[in-house]
Amino acid sequence: MSESDVTRDGVRHARPGRQAPTGVRAGRRRRRRGRGEQPMVPDAEFSSYYGRPVLNKPTWKPLDIAGYLYLGGLAGASSLLAAGAAATGRAELGRVAKLGAAGAITLSLAALVHDLGRPARFLNMLRVFKPTSPMSVGSWILSGYAPLTLAAAATEVAGRYRLVGSAATAGAAVLGPAVATYTAVLLSDTAVPSWHEGYRQLPFVFAGSAATSAAGLALLAVPTAQAGPARRMAALGAVLELGTFQVMKRRMGLTAEPFEQGRAHRLLRASEALTAGGAALALLSARVRDRRPAVAAGAALLTGSAALRFGVFHAGVASAEDPRYTVVPQRERLRARGR
Amino acid sequence: MSDGVEGHGNLLYGPQPDVAGAAGYPDAPPRMGFFTDTSVCIGCKACEVACKEWNAVPEDGLLLTGMSYDNTQGLGADTWRHVAFIEQRKPLAGQEPGVAHDDHDDHDDIDVFAAASRLGTGAASPGPGATAPPPDRAAEGAPAGEISPVSPDGRTELRWLMASDVCKHCTHAACLDVCPTGSLFRTEFGTVVVQEDICNGCGYCVPACPYGVIDQRKDDGRAWKCTLCYDRLGVGMEPACAKSCPTDSIQFGPLEELRERARARVAQLHAAGVTDARLYGESPQDGVGGDGAFFLLLDEPEVYGLPPDPVVTTRDLPAMWRHAALAAVSLVALAAGSFVRRPR
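A. Broad picture of the overall build of chain A. When its secondary structure is counted, chain A shows ten helices and four strands. In sequence order, chain A lays out its α and β elements as β-β-β-β-α-α-α-α-α-α-α-α-α-α. Within chain A, residue pairs in contact and separated by at least 24 positions form 74% of the contacts whose partners lie at least 6 positions apart.

Dropping the structure here:
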């Protein structure tokens, strides 16, 4: 800014000397952590409107929606365990998986309705069928899946109508994988950078996480002799979840950064440790008579899977709150197109 | 969406010249929209007030942000027009910051009325007159050796950018695509409107919007946004904001006509030396198939809080469903693999 002359007659040649330029480097200052992983992409300069977000952040309540993602995965993969148990004659595994699926899907439906701004209008979800809306597709999947799991669980408890129960178990196993993976599309089909950019891998991450959680529940409640499939499912699920999550972060570039920061980072680190540790402990638990390692493995897997969903949820919200993750990738896209 | 996921090309992405027709209106009126020419916005916020008054939009916090004259901050459930204020050390062409007007004033030779009358003669356009004198005029007026309001490189120090933001009424509207209840719909005018008696407040439209327009009203639970005054359009009136705009910064009309007018205005501004002028959201080739409400900006979009290259998220939805289906199959295979060994 230029100098102004203060004279007896007042200030002359004064320029408006405001020192709050907007635009360049107006983005939110980022904390740099000494430890932890380094960012994968160097800092890029970008402009923003007083550092304010471009996007409106999701209004979803974390407990409801991240909880719903988790319970949906738990239910879906449990239905697969239930069908497998029925096919291989593992009665106790089947009972736990059916009851687990029914309980989880009931809770998740309650969470979904609770999150609505107008819960009394939840049936409006079934007014139309829209393939362009993952939430519409999900509502229709759930409206088929939930009655099937409830029927399977009810016949299991009642010990009657075995044929109906078997049909319901099989039906739930068909829809279960869809329930577990469509939730990734639900998150990805938004403008939220850290949810959208990972759309190729996120369904696989959620599938793996669903498998570890269902295996965890079975390990908690099923005797060691019948928990063999759950142990293998825990190991395979952990490999799928952790492996695809690493691939996803590597492919996402700048928008992977929110996974490495703040609350999301803590949740995801905890999730990694619990899932990997739980899966290892699950495999070990087959060799000991003691039930306690299996119970600990089950609890770790269930918690790890929940932490993953909450971590992904919070990372997305953080990416929507910072204009950097909206503006910089779009600028790079424009530059790549030569504009 | 039963009205034709098949049958019409470019339903999710790309140019779509007949947006109302693709949504199922056989004899739709021409697509209506806004052209917001920010070069003549004076930041009076009449549009914000008129919008609130006409649409009975509730108060959304009376606070001072301390960042600028903008205490509205951004679009949301209770703000359907938002005037952005940007203060920059970068001039409009030939802008006179209006300081140091004493008896040494060396600008007596500038007749602002004459300068204004010369504008608009350069490029053929009926658009509103520009406020900037010709670019080199002020620099010439500054004698050497004396401090003038013009800095040595011929640039003044400061400029104000003001811009009235609004829902873009995208050709491919993510909010509409992801709405699970059908509450959001495409009108016969090609605009996008929420039906408040249908919306159940699922909130999916909020993160889907690439511009951060629509939001959930806290005490009400439902999603709200600009309707482009659907009620006024229905009886042949222009939207409240455009009606109230004193400088015609907000222009309302058939989109095709607005696009022509906007191109002429950009040419006029370029001729006047305002080389920063550019259109935003007018191209049907962009990531949302073109906006129904587009803008003439004087800086990069992100300076105004707009995304530089927005893409409708549903462009990638077919790929998302494919990946999810593959993941579901993987989960089945994983479960089957877990049962491979015989029971003990």
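B. Geometry of the interface of chain A and chain B. With 81 residues of chain A at the contact, the number on the chain B side is 72 residues. For the side of chain A that touches chain B, the elements supplying multiple residues, two or more each, are strand E4 (47-48), helix H1 (62-88), helix H3 (134-158), helix H4 (162-188), helix H6 (202-221), helix H7 (228-252) and helix H10 (323-336) of chain A. Taken together, the residues of the side of chain A that touches chain B break down into 43 nonpolar, 24 polar and 14 charged.

C. Local environment of the environment of A:Thr106. Within the element layout of this structure, A:Thr106 appears in helix H2 (residues 91-115). For A:Thr106 and A:Thr149, which are 43 residues apart along the polypeptide, the C-alpha to C-alpha distance reads 9.4 Å.

D. Layout of the packing of H1(A) against H2(A). Residue and element names in this part refer to chain A. Packing of H1 against H2 leaves a shortest axis separation of 7 Å and a crossing angle of 155°. When the interaxial angle is binned, H1 and H2 end up roughly antiparallel. Here H1 runs over H2; the crossing is left-handed. Partitioning the contact of H1 with H2 into residue classes produces 17 nonpolar, eight polar and three charged.

E. Region of interest: H7(A). Residues and elements named next belong to chain A. If you check H7, its first and last C-alpha atoms are 36 Å apart, about what 25 residues at 1.5 Å a residue would give, namely 36 Å. With 18 of its 25 residues buried, H7 lies for the most part within the structure. Count one or two residues on from H7 and you reach Gly253, which has phi positive near 65°.

F. Expanded view of the packing of H3(A) against H4(A). Residues and elements named next belong to chain A. The geometry of H3 relative to H4 is characterised by a closest axis approach of 7 Å and an angle of 150° between their N-to-C directions. With respect to H4, the axis of H3 lies roughly antiparallel. Considering how the two elements wind past one another, H3 and H4 form a crossing that is left-handed. Within the contact of H3 with H4, the residues separate by chemical class into 18 nonpolar, eight polar and two charged.

Thresholds, definitions, all that
Starting afresh in each chain, residues are numbered from 1 along the sequence in its written order. To read the labels, note that chains go from A and ligands from 1, taken in the order they are written. Only residues with pLDDT of at least 70 get local features here, since the model is predicted, and only at 80 or more are side-chain atom pairs given and counted; chain-wide, interface and lining totals rely on the full set of residues. Secondary structure elements follow DSSP: runs of H or I of four or more residues count as helices, runs of E of two or more count as strands, with numbering from the N terminus. Residues are defined as contacting one another if the C-beta atoms placed from their backbone atoms lie within 7 Å. The classification used treats Ala, Val, Leu, Ile, Met, Phe, Trp, Tyr, Cys and Pro as nonpolar, Asp, Glu, Lys and Arg as charged, and all other residues, Gly among them, as polar. Note on geometry: axes are lines fitted to C-alpha atoms, helical ones only across the stretch in contact, with angles between N-to-C directions running from 0 to 180 degrees. Relative orientations are named as follows: roughly parallel for angles under 35 degrees, roughly antiparallel for angles over 145 degrees, roughly perpendicular for angles from 65 to 115 degrees, and oblique for any other angle. Here a crossing is called left-handed whenever its near helix is offset anticlockwise from the far helix by less than a right angle, and right-handed whenever the offset is clockwise. Expected span, for any helix, means 1.5 Å times one less than how many residues it has. The exposure scheme places C-beta atoms from the backbone and then counts, for each residue, the other C-beta atoms within 10 Å of its own, assigning buried at 20 or more, exposed at 12 or fewer, and partly exposed in between.

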